[in-house]
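Chain by chain, the residues run as shown.
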Amino acid sequence: MLLILEKTCWAAFIYVLLISHSCNGFYLPGSYMHTYSTGQEIFAKVNSLTSIETELPFSYYSLPYCKPQGGVKKSAENLGELLMGDQIDNSPYRFRMNINELVYLCTTSPLSENEVKLLKQRTRDLYQVNMILDNLPAMRFATQNGVRIQWTGFPVGYTPPNSKDDYIINHLKFKVLVHEYEGTGVEIIGTGEEGMGVISEAEKKKASGFEIVGFEVFPCSVRYDPENMAKLHLYDNVTSVPCPLELEKSQIIREQERVSFTYEVEFVKSEIRWPSRWDAYLKMEGARVHWFSILNSLMVIVFLAGIVFVIFLRTVRRDLTRYEDLDKESQAQINEELSGWKLVVGDVFREPNFSKLLCVMIGDGVQITGMAVVTIVFAAFGFMSPASRGMLLTGMIILYLFLGTGAGYAGVRLWCTVKGTSEGWRSVSWSVACFFPGIVFVILTFLNFVLWGSKSTGAIPLYLYFILLSLWFCISVPLTLLGGYLGTRAEPIKYPVRTNQIPREIPARKYPSWLLVLGAGTLPFGTLFIELFFILSSIWLGRFYYVFGFLLVVLLLLVTVCAEVSVVLTYMHLCIEDWQWWWKAFYASGSVSLYVFLYSINYLIFDLQSLSGPVSAILYLGYSLIMAIAIMLSTGTIGFLTSFYFVHYLFSSVKID
């Protein structure tokens, strides 16, 4: 049966290779390619206003901007976009393919006191306008200290140095990079928000045209005469205006001012092809930092692991060989003289304190670890493109829901092993299904009240709460109960030794064992903290994170180190006749989460100095706490399971009467 299955899998794999080889070009990530004919209209979309100062997103139309003729309409949003606070709306910004023009949008009514206050506040909080054309974010270039810096979006306004006045950005210069597509020899599968699509041979001629491969913006503040501008209509042509350097010619933000909005478009032909258009956004400036940090961590880890395991394996092998070569009388005599892990043979598998909680945490850890591994592997192979906003988070949620079966199975099987019976498995399964999601739900609800109070688009809408609860109780909980049922059907792991009725007294120690457990977390953290800096920067500083190949390597190193550290500490505790190793094995590797949370606080204080206000700090700490708890459950599970199988193997190798 296994041979047939293996042959079938190989046949399917070879078939996929042949099919993919027959395509002249194959591109999976991203959205479906659009081609446009000359003069064809394309309308830009606008996302939520964002700021690295406050981390509170707000709707684009919360400010007095020009609105489209047919009214504001929301674009289709997936679960990930909603949870990230994205609110994508249509806009009046119209582009006509290959037609350069300078057009008028609208003139606002006189600014009210509330509008002026809001504009000034958004300007001083460094809010950015995020515009999207053909699924590409607007990109802006700026020069600071002689270095060309790339940003996405453009500011709401600016405040000149040593000035109390603020100026609004009301004129935009767009540069749209286009590539002429001939429609020959390329087959493209899209996985973006427009859905799956294939350009076939019959459609190639139809698809010929121009592709948008770049979208750049240069923002200006221009003071117009509102009386003259109000006479114009939407999309009327206006005369070209250079961006003024004098503040007197810039549009100030103050009461009763009427602001006129204009924009100009320039189309530029480019050699960039459509599959490569995201390369400009995903340029990794610190590639050497990633490589050096990973190689440095790898060398240190391999060196330490080599030393530890050589000593470790030699010691264990010598002890086992020496113990097994003795006859029964000599073993009885040497047992009176020897100390160490052999003396706790009757207590090593004694049920730990809070065994149900341990089983629940192991189950949730299996679920989180599985979700992280599958997500990072898929992202590393390019299946989760940033062109599909929210896809990464949506994929993580779906994976977490369907991995409930594995969580229930692991938690209940460990419960049956510890207790020796399946009685109470339903309670364990329910606890596994509700423990980590319940913690996340409580923290997110608290943060949501904070966001609601700030009227931010980052707040989770009420209907989304019902969707999340439905997914939780209609998919995750039943699958976890199914996994628990399968766990009761699986044969419990049998202990190789019997447990004594009276527990052995643990010798007094000079120092608390928890001190060693907490210190053990520094080694896994050493493999993680460099990549953690890039991840935090992408989340809180609005940068794209797409170096999942590096992250996959870091994940493998982290798993290896967590397993090594936990096994070594478990062996050390057994050697000093401490048979209460269960929780210590979990926290030996799980304690890395403490250092992750402390590093997050350090990042808040020293690297997020622009973050202002208690609301922003509360949001940051709340999300960091969720991340730390997830890391604790995942790394703790890796360490515990490795230690459990090590202890099981160790004591099954000893001859016991």
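Residues numbered from 1 in each chain as written. Predicted model: local features only at pLDDT ≥ 70, side-chain atom pairs only at ≥ 80, totals over all residues. Heavy atoms only, no water.

Colleague: I'd like a description of the overall build of the protein, backed by residues and values.
Modeller: Each helix and strand counted, the protein has 18 helices and 16 strands in total. Across the protein, the fraction of contacts at a sequence separation of at least 24, relative to all contacts at a separation of at least 6, is 84%. Of the roughly 32800 Å² of accessible surface on the protein, a fraction of 63% belongs to carbon and sulfur atoms. (Helix = DSSP H or I, 4+ residues; strand = E, 2+ residues; numbered from the N terminus. Contact = heavy atoms within 4.5 Å. Areas by Shrake-Rupley, 256 points an atom, 1.4 Å probe, with all protein chains shown as cover.)

Colleague: Would you mind going over unusual backbone geometry in detail, with residue names and values included?
Modeller: A negative phi angle is the norm for most residues apart from glycine, just as the trans form is the norm for most peptide bonds. A positive phi angle, near 60°, is found at L126, a position not held by glycine. Turning to its location among the elements, L126 is positioned in the loop between α3 (113–124) and β4 (128–129). You can call L126 partly exposed: its relative accessible area is 43%. At D134, a residue that is not glycine, the phi angle is positive and equals roughly 50°. Mapped onto the elements of the fold, D134 is located in the loop between β5 (131–133) and β6 (136–137). Residue D134 is classed as buried on the basis of its relative accessible area of 11%. (Buried < 20%, exposed > 50% of the residue type's maximum accessible area, 1.4 Å probe, protein only.)

Colleague: So what about helix α12 (residues 462–489)? Which residues, and what values?
Modeller: The first and last C-alpha atoms of α12 sit 40 Å apart over 28 residues, in line with the 40 Å expected at 1.5 Å per residue. Of all the bends in α12, the largest measures some 30° and sits at S476, one to four residues before the proline P478. Elements that come into contact with the buried residues of α12 comprise α2 (79–83), α8 (355–380), α9 (391–402), α10 (404–419) and α11 (425–453). (Expected span 1.5 Å × (residues − 1). Bend = angle between axes of the 7 residues up to and from the residue.)

Colleague: Before we move on, could you go through the environment of V377 and cite the residues and values that matter?
Modeller: Its place among the elements puts V377 in helix α8. As for V377 and L552, which are separated by 175 residues in sequence, their C-alpha atoms are 6.7 Å apart.

Colleague: So what's going on with the pattern of salt bridges? Residues and values would help.
Modeller: Applying the stated criterion across every chain yields a total of 12 salt bridges. A salt bridge links R124 to D166; the shortest N-O distance between them is 3.0 Å. Highlighted residues: R124 in helix α3 and D166 in the loop between β10 (157–158) and β11 (167–168), separated in sequence by 42 residues. Residue class for R124 comes out partly exposed when judged on its relative accessible area of 43%. Here K419 makes a salt bridge to E351, at a shortest N to O gap of 2.8 Å. You can see K419 sitting in helix α10 and its partner E351 sitting in the loop between α7 (328–337) and α8, a full 68 residues away along the chain. We classify E351 as partly exposed; its relative accessible area is 35%. When salt bridges with common partners are traced through the structure, they connect E41, R94, R96 and E101 into a single cluster. (Salt bridge = Lys/Arg side-chain N within 4 Å of Asp/Glu carboxyl O.)

Colleague: Requested: an account of the side chain of N170, with residues and values cited.
Modeller: Take N170: it is sitting in the loop between β11 and β12 (171–181). Reaching out from N170, the side chain makes a polar contact with the backbone oxygen of S260 at a distance of 2.9 Å. (Polar contact = N/O pair within 3.5 Å; in protein donor to acceptor, adjacent residues only side chain to side chain.)

Colleague: I'd like a description of the packing of helix α14 (residues 522–540) against helix α18 (residues 614–652), backed by residues and values.
Modeller: At their nearest, the axes of α14 and α18 sit 13 Å apart, and the two run at 135° to each other. In terms of orientation, α14 lies oblique with respect to α18. With respect to the hand of their crossing, α14 and α18 are arranged in right-handed fashion. Each of L532, L536 and W540 in α14 lies in contact with α18, whose residues at this interface are L619, Y620, Y623 and M627. Here the contact of α14 with α18 is composed, by residue class, of seven nonpolar, no polar and no charged. (Axes fitted to C-alpha atoms, helices over the stretch in contact; angles between N-to-C directions. Parallel < 35°, antiparallel > 145°, perpendicular 65-115°, else oblique. Left-handed = near helix turned anticlockwise from the far one by under 90°. Nonpolar A, V, L, I, M, F, W, Y, C, P; charged D, E, K, R; others polar.)

Colleague: Any chance you could break down the nonpolar core for me, citing the residues and the numbers?
Modeller: With 97 residues, the main nonpolar core has Y93, F95, M131, F174, F215 and F640 as its most contacted residues. Per-element accounting of this core gives the leading share, 12 residues, to α18. Dropping the residues within four chain positions of it, F174 is found in contact with Y93, F95, M131, F215, E216, V217, Y263, E264, V265 and E266. If you look at the next biggest cluster of nonpolar residues, it comprises 21 residues, including I294, L528, F550 and V592. (Core = buried A, V, L, I, M, F, W, Y, C linked by side-chain atoms within 4.5 Å.)

Colleague: Quick rundown of the environment of V241? Include the residues and the values.
Modeller: The residue V241 is located in the loop between α5 (226–229) and β16 (260–269) in this model. The contacts of V241, once residues within four sequence positions are left out, are L102, H171, K173, V222, Y224 and E264.

Colleague: Lay out the pairing of strand β2 (residues 89–96) in plain terms, naming residues and giving numbers.
Modeller: Across the eight residues that make up β2, a large majority, six, are buried. Across five bridges, strand β1 (residues 41–46) lies against β2 in antiparallel orientation. When the bridges of β2 are listed, E41 appears paired with R96. (Pairing = 2+ DSSP bridges.)

Colleague: Please provide a residue-by-residue account of the sheet that holds β2, values included.
Modeller: Taken in spatial order, the four strands make up an open sheet running β2-β1-β5-β6, and their pairing is antiparallel. Taken across any chain shown, the strands that pair with only one partner, and hence form the sheet edges, are β2 and β6. Alignment of β5 against β6, held across two bridges, turns out to be antiparallel. Counted as the bridge partner of I132 is P137 from β6.

Colleague: Describe the packing of aromatic side chains, with residues and values.
Modeller: One pass over the full model with this rule turns up 36 aromatic pairs. Considering the side-chain rings of W425 and Y485, the 6.3 Å spacing of their centres and the 55° angle between planes classify their relative orientation as tilted. Within this pair, whereas W425 is found in helix α11, its partner Y485 is found in helix α12, the two being separated by 60 residues in sequence. On the accessibility criterion, W425 (13% relative accessible area) is buried. (Phe/Tyr/Trp six-rings, centres within 6.5 Å; stacked < 30°, edge-to-face > 60°.)

Colleague: So, the confidence of the model for the protein: which residues are in play, and what are the values?
Modeller: Of all residues in the protein, 81% attain a pLDDT of 70 or more, and the chain-wide mean is 81. For the stretch residues 184–206, pLDDT sits under 50, and the model shows 59 contacts to residues farther than four places along the chain or on other chains. (pLDDT = per-residue confidence, 0-100.)

Colleague: Describe α11, and please don't skip the residues or the numbers.
Modeller: With 29 residues, α11 extends 42 Å from end C-alpha to end C-alpha; this agrees with the ideal 42 Å at 1.5 Å per step. Among the residues trailing α11, K455 stands out with phi positive, at a value near 55°.

Colleague: Describe a nonpolar patch on the surface, naming the residues involved and giving the relevant values.
Modeller: Where nonpolar side chains cluster on the molecular surface, the patch consists of Y409, L482, Y485 and L486 and spans about 340 Å² of accessible area. The element best represented in the nonpolar patch is α12, accounting for three residues. Here Y409 is to be found in helix α10. (Patch = residues over 30% accessible without salt bridge, like charges linked within 9 Å, V, L, I, M, F, W, Y side chains within 5 Å.)

Colleague: For the side chain of D134, give the residues involved together with the corresponding values.
Modeller: Within polar-contact distance, the side chain of D134 engages the side chain of R277 at 2.9 Å. Excluding anything up to four places from it in sequence, D134 contacts H34, Y36, I212 and R277.

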